[in-house]
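Understanding the architecture of this molecule
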Amino acid sequence: MKLPVAELHIHLEGTLEPETILRLAGQNNIELPWPSLEELRAQYNFSNLQSFLDLFYANMAVLRTAADFQEITTAYLLRAHESGVRHVELFFDPQAHLERGLILAEVIAGIRAGLDEGLARWGITHRLIACFWRHAPAESAMEILRTLVQEKHAIDGIGLDSSELGYPPILFQEVFAYARENGLHVVAHAGEEGPAEYIVQAIDLLKVERIDHGIRCLEDPALVQRLVAEQMPLTVCPLSNVRLRAVDTIADHPLRQMLDLGLKVSIHSDDPAYFGGYLDANFAAVIGQFDLSREDQAVLARNSVEGSFLDAPAKAMLL
Ligand code: ADE
Ligand code: ZN
C-alpha cells in the first residue's frame with residue numbers, strides 16, 4: 001500500500017507502544033500497576049470502548065516532558081512514513097495531560113517539535129487537533145479552549161472523543177460554536193458506539209466538517225442519504241472497531257457496504273499501538289477481507305486527502 005494517504009484519525013497517545021510505556025515509566029519514575037511487558041500486554045483485551053479508555057488514560061501517565069511528547073510524535077511519524085502517509089491530522093487530549101499537572105504550552109511545544117521534525121525528515125505535512133472529553137463537563141472544554149485561543153496556542157482544530165454513550169454532542173454546542181468563531185476546524189467522534197442520532201447532532205449542532213468513525217450511520221437510511229449527498233467525510237478505523245467490539249470480526253465490518261453506498265469513507269488507525277496495527281495494517285485487513293480493487297483503494301486514499309484540512313493546492317499535490 002503506497003498510495004499517498006492522509007491519516008485523519010490518529011490519537012497521539014494511542015501510538016504509545018508497550019515498550020515505550022515501560023521505558024518512559026522508568027525514566028520518569030512513574031509506577032504503573034503492570035510493571036512488566038507481559039503484565040502490560042495482558043491488559044490489551046477490550047470488551048468495549050470504555051475498557052480500552054481506562055487502560056489508555058492510565059498508560060499516558062508516563063508522558064511527562066515536552067521531550068516525551070516530541071519523541072512519541074517523531075516515532076509515530078516515522079512509522080506513518082513507512083506506511084505511505086503523506087499528511088497527518090493528529091489528535092491529542094489536553095484534559096488528560098492537564099489533569100496530571102502538565103503545562104499545556106509544553107505539551108503542545110513537544111508535539112509541534114515532533115511534527116516539524118516529521119516535515120523536515122519525511123515531508124509529512126500536518127495539522128494538530130485538540131480533542132475534548134465528552135465524559136467531562138462542557139465547562140472544562142470551554143475553559144481550556146478559551147485558553148488555547150486567547151494564548152494563541154498552535155492548534156488547527158478541535159475534536160470530541162472519549163466515552164460516547166450518554167454524552168450526546170448537544171452538550172458541546174457552545175464549545176464548538178466558539179471554536180468555529182475563532183477560525184478552528186471542527187470534527188467529532190460520533191456513531192462509534194453511540195447511535196446515528198449523535199451523528200445528526202454533530203452535523204446539525206456542532207457543524208462538524210468530518211465525522212470520526214460514523215459506522216452506525218447505517219442504522220438510519222435518511223442519514224446515509226444525507227451523508228452521501230453532502231459527501232461528509234467519515235474517518236473509519238477497521239481494526240479499532242474489531243478490537244473495541246463495535247463489530248465482531250473484520251468480515252462483519254461495514255466498510256464494503258459504506259463504499260458501495262457512496263459514503264465518503266477513508267481508512268485510519270485510531271490508536272494503533274492498542275489495536276494491532278498502523279495504517280498499512282488497517283488497509284491490509286480490509287483489502288484482504290473485501291477483496292478491494294486498486295480502484296477501491298484509490299478511492300479510499302483520495303477520500304482521505306479530500307477530507308483533510310489541507311488547502312486546495314496541497315491536496316492537488318497528493319491527488
Ligand atoms: N480516544 C482514543 N481513541 C478513542 C476512540 N476510538 N473513541 C473515543 N475516544 C477515543
Ligand atoms: Zn478515535
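Everything here concerns the structure above.
First things first, this report covers the structure right here in the doc.

**Notes on the overall build of the chain**
- Summing up its helical and strand segments, the chain has 16 helices and eight strands in all.
- For 319 residues, the compact-globule estimate of 2.2 N^0.38 gives 20 Å, and the C-alpha radius of gyration of the chain, at 18 Å, lies within 12% of that figure.
- Dimensions of the chain along its principal axes, counting C-alpha atoms only, are 50 × 40 × 40 Å.
- Taking all 319 residues of the chain together, 57% fall into the buried category.
- Considering only intrachain contacts with a sequence separation of at least 6, the fraction spanning at least 24 residues in the chain is 75%.
- Entry remark: accessible area of the chain is about 12300 Å², with carbon and sulfur atoms responsible for 52%.
- Taking the average place of the 25 positive charges on the side chains of the chain and the average place of its 45 negative ones, the gap between the two points comes to 5 Å.

**Details of the sheet that holds strand β7 (residues 233-236)**
- Read from one edge to the other, the open sheet built from eight strands follows the order β1-β2-β3-β4-β5-β6-β7-β8, with strand pairing classed as parallel. Of all the strands in the sheet, just β1 (5-11) and β8 (264-267) have a single pairing partner and so form its edges. Within this sheet the neighbouring strands show an average axis-to-axis angle of 25°, counted without direction.
- Both β7 and β8 contribute to a ladder of four bridges, which runs parallel. Note that in β8 the partner of Thr235 across the bridge is Ser266.
- Docked against the sheet, helix α15 (residues 294-306) engages β1 and β8, running at close to 100° with respect to β8.

**Side note on the pairing of strand β3 (residues 125-133)**
- In terms of burial, β3 is a largely internal element, eight of the nine residues being buried.
- For strand β2 (residues 85-92) and β3, the ladder comprises six bridges, and the chain directions are parallel. By the bridge assignment, Phe91 is partnered in β3 with Ile129.
- Strand direction decides the pairing type here: β3 and strand β4 (residues 157-161), joined by five bridges, are parallel.

**A few points about the packing of aromatic side chains**
- Taken as a whole and assessed by the stated rule, the structure comprises eleven aromatic pairs.
- On the numbers, 6.2 Å between centres and 45° between planes, the contact of Tyr44 with Phe46 is tilted.
- Judged by relative accessible area, which is 11%, Tyr44 ranks as buried.
- Chaining the aromatic ring pairs together yields one cluster made of Tyr44, Phe46, Phe52, Phe56, Tyr57, Trp133, Tyr274 and Phe275.

**Here we look at the site of ligand 1**
- Around ligand 1, the neighbouring residues are His11, Leu49, Phe52, Leu53, Phe56, Asp161, Ser162, His189, Glu192, His213, Asp270 and Asp271.
- Here a nitrogen atom of ligand 1 and a backbone polar atom of Ser162 are 2.8 Å apart.
- Within the complex, 100% of the 270 Å² of free accessible area of ligand 1 lies under protein.
- Ranked by residue count, the leading element in the shell around ligand 1 is helix α3 (residues 49-59), at four residues.

**Re the side chain of Asn303**
- When you line up the elements, Asn303 lands in helix α15.
- A polar contact is formed between the side chain of Asn303 and the backbone oxygen of Val265, at a distance of 2.8 Å.
- Setting aside anything within four residues of it in sequence, one finds Asn303 in contact with Leu263, Lys264, Val265 and Ser266.

**With respect to the environment of Asp291**
- Locating Asp291 in the fold gives a position in the loop between α14 (279-290) and α15.
- Each C-alpha atom of the pair Asp291 and Leu115 lies 34 Å from the other, and the pair is 176 residues apart in sequence.

**What about helix α7 (residues 138-150)?**
- The terminal C-alpha atoms of α7 lie 18 Å apart, and with 13 residues this matches the ideal 18 Å at 1.5 Å per residue to within 8%.
- Turning to α7, its buried residues number three or more, namely Ala138, Ala141, Met142, Ile144, Leu145 and Leu148.
- Contacts made by the buried residues of α7 are with α5 (94-98), α6 (104-122), β3, β4 and α8 (173-181).
- Phi for Lys152, located one or two positions after α7, is positive at around 55°.

**A look at the pattern of salt bridges**
- Tallied over the entire structure, the rule returns twelve salt bridges.
- The salt bridge involving Arg23 is made with Glu71; its shortest N-O contact spans 2.6 Å. Of this pair, Arg23 sits in helix α1 (residues 18-27) while Glu71 sits in helix α4 (residues 66-82); the two residues are 48 residues apart in sequence, bridging distant segments of the chain.
- The exposure class of Arg23 is partly exposed, given its relative accessible area of 40%.
- Taking the shortest distance from any N to any O, the salt bridge between Lys264 and Glu306 comes out at 2.6 Å. With Lys264 in strand β8 and Glu306 in helix α15, this pair connects stretches of sequence that are 42 residues apart.
- We classify Glu306 as partly exposed; its relative accessible area is 31%.

Definitions and limits used
- Within each chain, residues carry numbers counting from 1 in the order of the written sequence.
- Going through the entries in the order they are written, you letter the chains from A and number the ligands from 1.
- Restriction of local features to residues with pLDDT of at least 70 applies here, the model being predicted, together with a cutoff of 80 or more for giving and counting side-chain atom pairs; totals for whole chains, interfaces and linings are based on all residues.
- Side-chain measures were taken over the full set of non-hydrogen atoms in the model, leaving aside hydrogen atoms and water.
- For helices the rule is a DSSP run of H or I covering at least 4 residues; for strands it is a run of E covering at least 2, with both sets numbered from the N terminus onward.
- Radius of gyration here is computed from C-alpha atoms only, and the compact-globule reference equals 2.2 Å multiplied by the residue count raised to the power 0.38.
- Residue burial is assigned from relative accessible area. The probe radius is 1.4 Å, only protein chains are included, and a residue is buried under 20% of its type maximum, exposed over 50%, and partly exposed in between.
- Contact criterion: two residues are considered in contact whenever any of their non-hydrogen atoms come within 4.5 Å of each other.
- Residue exposure ignores everything except the shown protein chains as possible cover, and the areas themselves are Shrake-Rupley values with a 1.4 Å probe.
- When charges are tallied, Lys and Arg are placed among the positive residues and Asp and Glu among the negative ones, while His and the ends of the chain are skipped.
- Here the site of a charge means atom NZ of a Lys, CZ of an Arg, CG of an Asp or CD of a Glu.
- When DSSP finds two or more bridges between two strands, those strands count as paired.
- Axis lines are fitted to C-alpha atoms, over the contacting stretch for helices. Their N-to-C directions set the angle, which ranges from 0 to 180 degrees.
- A pair of aromatic rings is counted whenever rings of Phe, Tyr or Trp (Trp by its six-membered ring) have centres within 6.5 Å, and the orientation is called stacked for planes under 30 degrees apart, edge-to-face for over 60 and tilted otherwise.
- Any residue with a heavy atom lying within 4 Å of a molecule or strand is counted as near it.
- In protein, a polar contact requires one atom able to donate a hydrogen and another able to accept it; more generally it is a pair of N or O atoms within 3.5 Å, and residues adjacent in sequence count only if both atoms are side-chain atoms.
- Take the residue count of a helix, subtract one, and multiply by 1.5 Å to get its expected span.
- A carboxyl oxygen of Asp or Glu within 4 Å of a side-chain nitrogen of Lys or Arg is what we treat as a salt bridge.

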